[in-house]
Amino acid sequence: MLLTPGPTPVPEFARKAMSDITIHHRTKEFEAIFEKTRKLLLEIYNMNEVLILASSGTGAMEACITNLTRTKALTINSGKFGERFGKICKAFNIEYTELKQEWDTPACVEDVVNAVKNDKNIDSLFIQVCESAGGLRHPVEEIAKEVKKINPNIMIVADGITALGVEKIDTRNIDALITGSQKAFMLPPGIAMIGLSDKAVAKIEEKPAGYYFNLASEIKNQKKNTTAYTAATTLIIGLGAILEKFKEIGFDNLYNQTEKRAKATQEALKAIGFKIYPKVPANAMTTAYTEQSNEIRKILKTKYNVDIAGGQDHLAGKIFRINHMGLVEDFEASWAVNATELVLDELGIRTFDGTANRVFAETFYKGN
Ligand SMILES: *Cc1c(COP(=O)(O)O)cnc(C)c1O
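Residues numbered from 1 in each chain as written. Predicted model: local features only at pLDDT ≥ 70, side-chain atom pairs only at ≥ 80, totals over all residues. Heavy atoms only, no water.

- The name given to the protein in an unreviewed UniProt entry is Alanine--glyoxylate aminotransferase family protein, with the source organism recorded as Arcobacter porcinus.
- Regarding the protein, the relevant UniProt record gives this comment under Sequence similarities (unreviewed entry): "Belongs to the class-V pyridoxal-phosphate-dependent aminotransferase family."
- Annotation of the protein in UniProt includes, under Cofactor (unreviewed entry), the sentence "pyridoxal 5'-phosphate". (UniProt positions renumbered as here; feature names shortened; annotations may be inferred.)

1. Let's talk about the UniProt feature "domain: Aminotransferase class V" (unreviewed entry) in the protein
Moving on, step 1. The residues that UniProt annotates with the feature "domain: Aminotransferase class V" (unreviewed entry) are residues 22–283.
Moving on, step 2. A distance of 36 Å separates the end C-alpha atoms of residues 22–283, which is 45% helix and 17% strand. (Helix = DSSP H or I, 4+ residues; strand = E, 2+ residues; numbered from the N terminus.)

2. As for the UniProt feature "binding site: substrate" (unreviewed entry) in the protein
Moving on, step 1. Under the feature "binding site: substrate" (unreviewed entry), the UniProt entry names Arg-321.
Moving on, step 2. When you line up the elements, Arg-321 lands in strand E12 (residues 319–323).
Moving on, step 3. Only 2.7 Å separates the side chain of Arg-321 from the backbone oxygen of Ser-132, close enough to count as a polar contact. (Polar contact = N/O pair within 3.5 Å; in protein donor to acceptor, adjacent residues only side chain to side chain.)

3. Some remarks on the site of the ligand
Moving on, step 1. In the vicinity of the ligand there are 14 residues, among which Ser-56, Thr-58, Ser-132, Asp-159 and Lys-183 approach most closely.
Moving on, step 2. Between the ligand and Gly-57 there is a distance of 2.9 Å, counted from an oxygen atom to a backbone nitrogen or oxygen.
Moving on, step 3. Interatomic distance of 2.6 Å between a side-chain N/O atom of Asp-159 and a nitrogen atom of the ligand.
Moving on, step 4. When isolated, the ligand has an accessible area of 380 Å², and the protein chains bury 89% of it.
Moving on, step 5. Ranked by the residues each element gives to the shell around the ligand, the list is headed by helix H3 (residues 57–68), at three residues. (Near = heavy atom within 4 Å. Areas by Shrake-Rupley, 256 points an atom, 1.4 Å probe, with all protein chains shown as cover.)

4. Notes on the packing of aromatic side chains
Moving on, step 1. This model, assessed by the stated rule, comprises 11 aromatic pairs.
Moving on, step 2. Aromatic side chains Phe-364 and Tyr-365 sit 4.8 Å apart centroid to centroid with 65 degrees between the ring planes, which places their arrangement in the edge-to-face category.
Moving on, step 3. Residue Phe-364 is classed as buried on the basis of its relative accessible area of 3%.
Moving on, step 4. For Tyr-365, a relative accessible area of 55% puts it in the exposed group.
Moving on, step 5. Here Lys-260 stacks its cationic end above the ring of Phe-364, 4.6 Å away from the centre of that ring. (Phe/Tyr/Trp six-rings, centres within 6.5 Å; stacked < 30°, edge-to-face > 60°. Buried < 20%, exposed > 50% of the residue type's maximum accessible area, 1.4 Å probe, protein only. Lys NZ or Arg CZ within 6 Å of the ring centre and 35° of its normal.)

5. As for the domain arrangement of the protein
One frequently used descriptor of interface size is the decrease in accessible area upon assembly of the parts.
Moving on, step 1. Parsing the protein into structural domains produces domain 1 (12–249) and domain 2 (251–366).
Moving on, step 2. Distance between the C-alpha centres of domain 1 and domain 2: 28 Å.
Moving on, step 3. Listed by partner, the interface residues are 28 residues for domain 1 and 25 residues for domain 2.
Moving on, step 4. Between the two partners, domain 1 and domain 2, sit one salt bridge.
Moving on, step 5. Where Asp-313 meets Lys-80, a salt bridge forms, and the shortest distance between an N and an O atom there is 3.0 Å.
Moving on, step 6. Counting every contact that joins domain 1 to domain 2 gives 10 residue pairs in polar contact (both at pLDDT 80 or more).
Moving on, step 7. Broken down by secondary-structure element, the contributors of at least two residues to the side of domain 1 that touches domain 2 are helix H2 (28–45), strand E6 (136–137) and helix H9 (233–249).
Moving on, step 8. For the side of domain 1 that touches domain 2, the element with the highest residue contribution is H9, accounting for four residues. (Domains from an automatic or database assignment. Contact = heavy atoms within 4.5 Å. Salt bridge = Lys/Arg side-chain N within 4 Å of Asp/Glu carboxyl O.)

Here it is, written out as structure tokens:
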């Protein structure tokens, strides 16, 4: 049972959709598929433009920096992925300043506002919606709103790789919203998407930048349902199938189910003595702090067939992360907390009495 917060399991209907022969990307047949997928993407994004890139999520992060920063970037670092925005700036010799917090701490709106007020060179802000390193939710919408009040021309770039498809994101003040295929969209890795505001499109078109990640040329092509270079045809077919399924379920129903799963998992883990690591948890995953993380994960995987993620860098061996993104079955999420409780018994930490499963069921089904 793969319950890591990316990659997530690819459902059977998506695997079937992607199992047909490879079609040529410069054909009417593929343009029709692209058009259908693009329309569904625009719907789930609720933005005016969207681009599909053949790269992992990091490629889209890089594209946003190279296409939207002219003078100086402000990057928010509460974990590995926030740190990555700074590393990309460095690699391209782009000036940046970073606001750094511990991995359990979301960005403070006031600190961001002050940073923007005190530095007139800042023309772009880079932040995660959910920072997957510790599973926290940044107050992105509030930050975006306050920064736009100071200067509406500052580009707000949000990495929603573990947020789009998980929860409803208010995109009114967001200029670029990034996602990837292998998290909430349950596809194999290989494509990334960027939703764009009209302001972002205007800035990109005013001064096209880069070659492979030249977003101006992608905008021009993708408006005509084609791509500048060879499209990742198979993955785009899979994306179309996933988005059709999401629409059939209803986007809001999908978000509600995910939220309920996250809440029930957190309550269940707290009830058996775990501390939830982030100060503001995102719904994409539940992150618990424990010095026994490695032992717990090992037994979960070998004895109970539950594969969850650990931590990275200074959190290696100190946290575990359970995925809620995508179409996780209730019984899978419930089994994960039940198995965790069994492991605690085995490690002599806490005697098993079925609390995790009971609290999960009460929270999930009875809304306690
Ligand atoms: C997974 C992830 C990324 C990186 O995406 P890749 O597809 O590995 O390049 C970036 N940001 C967040 C928040 C992620 O969870």
